[in-house]
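Fold and contact review
So the chains spell out like this:
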Amino acid sequence: MAEKNMDKCLCPCANCINVNGHVSLNLVERHLYKYGMAGSYTIWKHHGEVDHNSQNQPNPSSANVDIDDDDDDDDYEDDDEIVEMIHTQIESIRLDSQGEGMDTGRDDKGEVDFGEFAELLSEAKEELYPGCTDFSSLTFLIKLMHIKVLNHMSNKCFEMLLQLLKLAFPKTNRIPKSYYDAKKMLRDLGLGYESIHACKNDCALFWKEHGERVDCPVCHESRYKIDDGKGKKIPHKILRYFPLKPRLQRLFSSKHTAKDMRWHKDKYDQKEGVLKHPADGEAWKDFDNRYPSFAQDPRNVRLGLATDGFNPFGNMSKSYSMWPVILIPYNLPPWKCMKEPFFMMSLLIPGPQAPGRDIDVYLRPLIDELKEMWDTGVETSDASSEKSFRMHVAVLWTINDFPAYANLSGWSTKGYLSCPVCNEDEPSIKLRRKICYMGHRRYLSPDHKWRQSNLYNGKHDYRSPPKKFTGDDKNRKRCPDELNWVKKSIFYELPYWKDHLIRHKLDVIHIEKNICDNIVGTLMNIEGKTKDTMKARLDLEDMNIKKELHLKRVGNKFIKRPACYTLSPDQMRDFCKFLKSVKFPDGYAANISRSVNVNEGKISGLKSHDFHFLLQRLLPVGIRPYLKKDLCTPLIELCNFFHDLCAKTLTVAHLDELEKAIPLILCKLERIYPPAFFDVMVHLAVHLPQEAKLVGPVGYSWMYPIERALGTLKRYMKNKARPEGSIAEAYIV
């Protein structure tokens, strides 16, 4: 760093990330104290450290995003991955077009036109202006588009910047003349998306046979909210569709990722009874047995699908819900499989309301493409083997929280039959104003003594476990009001969908969140969160159980007696002090400390991952001093159950033990807590070990990485007036 700038430097905090210019050292110190160091800034090249790994690389780096769930941290990492990917892809296409050692596998009916790719290759190698050694026209454009996205520049502002740069640089420069030209180049690279108009009532898409209509084919509402007859037409809703084929092809255009896409077959040393990857799961193996032609080529892609709604306006009061649909390629090794750089957003479903059951309307383009890629496949160049092959694609399962589970599967997750695994044989009973699931004795051995106890619901329970339904049972035609089915999912149009052992995966982290919320809310008597309410006590009277917790009548009033599972105010403050005193790793569950109010003895504002950490790590230690052993032990066993279930490596033998243990744990809790505690989310824990046997370790089938990706998109879009287009633009760049 130059001597004249010793009193100033770039700020490397998580908020500035070396992009806001030189500032005073005092300001840097305050920022580091407030925001912390940017986690991606590992080589201090802006502060004098030499990056030996990049000294010989001629191309400048491109900003990349390190996705984090904390809304206050924006970690951007500079690297060459995007530019390297584009160069590798273009080079592989050029080699393929010239036939240099590649078996293209084309028939004699026609040849592929590589004129556009040849032009892109020349753009990638062309200097930005004569004598410029730092940028090609392509790399400079990518950097500009990153700046536009990260700083929320309007299209008009960006176009004015392009015009200024074109005038300022030498006249022979290759800077695009307009924003349209810049976007066209990205579209040619396969980094664009297709805009599809949708009905305002979510009835249909104006696509394919309805592409030219001006009114909805179902409800006949107008396609446009503004149509002045002079060419200005603004549709009610626009679905952004990101074609899947070019992005899957790009995975094979780099030698490194092409080899990784075969990892599950070529490099993975599978061991019997050990689960480390979805390839170890029963669902993967059963699919291979049913479709051996698909399994024969390990390069055929297996995907997981996840979707969730989020408000792009951050914490603003405006109600808004957008739904990205994200695909995860399971061919990759564990250290890449669930990482955000390999997530593929396929659809961006517009708001302002959630699509609900009508989400199938928006899934239509993706399902049609998936059917095509299953039936005919797509010709793809494999850079690792220098040969072409026909790539086929299959979706193995979806991953969603419980409300979204209903939208995608067609099984309503409300009412007496809300558990989709138990189906028609639900262990649910009616309380005064809610439904509870506390019939877990049926999962115990037939001769277990607790089956004859009256402490649970005042009755004996000799029922057998619920029947397991096959794909044919769930796929048969039904009356509209039969069971909890509200529709037949669009996924059944995929030829293989009915044969899957598991189609829609329960999300462990949301189940953890709800269970931990019930425990902590009841433990600390949090208003709106506790399950020990006046009505819950009346339920005990109705069932004639736990008489020591019945309401005490004093005149015209009812007094709620203290419960053994609720802390006193002093104990609550001590428990909060314990949570506040725990030191967390940098960027890991740090939100817990900020959510604790020691003086009031309250906890609020926790996120899903905070509950995950609280349940598995802190709760087993923190509750020991305050609860009796017979109350504390079942809670610790429940925490250990989730801790073991969420391990990176599982064994079938241990999952068998967990499958036997969880009903017993829930039965112990039924002897302690009121029936209102046992909602359907608590009950779903019974099915998690069996699902882990089907899909492999839980880490491959939970929503937390997806939530982190949504958190990043939300940070991009703070205070944006038109979120859908901005998010789509941010994603492709």
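Located above this text is the structure these notes cover.
Notes on the structure in this doc start here.

Let's shift gears to the overall build of the protein. Along the protein, the regular secondary structure elements total 26 helices and 24 strands. Within the protein, the fraction of its 733 residues that count as buried is 53%. Sequence-distant contacts, at least 24 apart, represent 64% of the contacts inside the protein between residues at least 6 apart. Surface accessibility of the protein: about 34,800 Å² in total, with carbon and sulfur atoms responsible for 50%.

Moving on to the pattern of salt bridges. Within the structure shown, the criterion is met by 30 salt bridges. The partner of E541 in a salt bridge is R553, with the nearest N and O atoms 3.5 Å apart. On the criterion of sequence distance, the pair formed by E541 in helix α17 (residues 534–543) and R553 in strand β20 (residues 552–554) is long-range, its members being 12 residues apart. For E541, a relative accessible area of 22% puts it in the partly exposed group. One network of salt bridges, in which partners are shared, links K208, R364, D368, K371 and E493.

Glancing now at the pairing of strand β12 (residues 323–329). The element β12 is extensively covered by neighbouring structure, given that 7 of its 7 residues are classed as buried. Taking every second residue as pointing to the same face, both faces of β12 are buried, with W323, V325, L327 and P329 on one and P324, I326 and I328 on the other. Where strand β11 (residues 301–307) and β12 come together, 5 bridges link them in antiparallel fashion. Directly across from L303, in β12, lies its bridge partner P329. Looking at chain direction, β12 and strand β13 (residues 344–349) are connected through 5 bridges and run antiparallel. Opposite V325, over in β13, you have L347 as the bridge partner.

The step from G351 to P352 runs through a cis peptide bond, and the omega angle for that step is 5°. Among the secondary structure elements, P352 is positioned in the loop between β13 and α13 (359–375). Positive phi, normally seen in glycine, also occurs at K208, with a value near 55°. On the secondary structure map, K208 appears in the loop between β6 (205–206) and β7 (224–227). One non-glycine residue with positive phi stands out, namely E386, at about 55°.

This paragraph deals with the nonpolar core. Within the largest apolar cluster, 159 residues are counted, with the highest numbers of intra-cluster contacts made by L248, Y330 and F642. Beyond its immediate chain neighbours, meaning those up to four positions away, Y330 contacts H277, P278, W284, R302, L303, G304, C337, M338, L396, W397, I399 and Y700. Ranked by size, the runner-up nonpolar core spans 17 residues in total, among them F140, L141, L144 and Y179.

Before going further, it helps to spend a moment on the environment of L138. Structurally, L138 can be placed in helix α4 (residues 137–150). Overall, the relative accessible area of 2% leaves L138 in the buried class. For the pair L138 and P176, spaced 38 residues apart in sequence, the C-alpha to C-alpha distance is 10.0 Å.

Cut-off values and rules
Residues numbered from 1 in each chain as written. Predicted model: local features only at pLDDT ≥ 70, side-chain atom pairs only at ≥ 80, totals over all residues. Heavy atoms only, no water. Helix = DSSP H or I, 4+ residues; strand = E, 2+ residues; numbered from the N terminus. Buried < 20%, exposed > 50% of the residue type's maximum accessible area, 1.4 Å probe, protein only. Contact = heavy atoms within 4.5 Å. Areas by Shrake-Rupley, 256 points an atom, 1.4 Å probe, with all protein chains shown as cover. Salt bridge = Lys/Arg side-chain N within 4 Å of Asp/Glu carboxyl O. Pairing = 2+ DSSP bridges. Core = buried A, V, L, I, M, F, W, Y, C linked by side-chain atoms within 4.5 Å.

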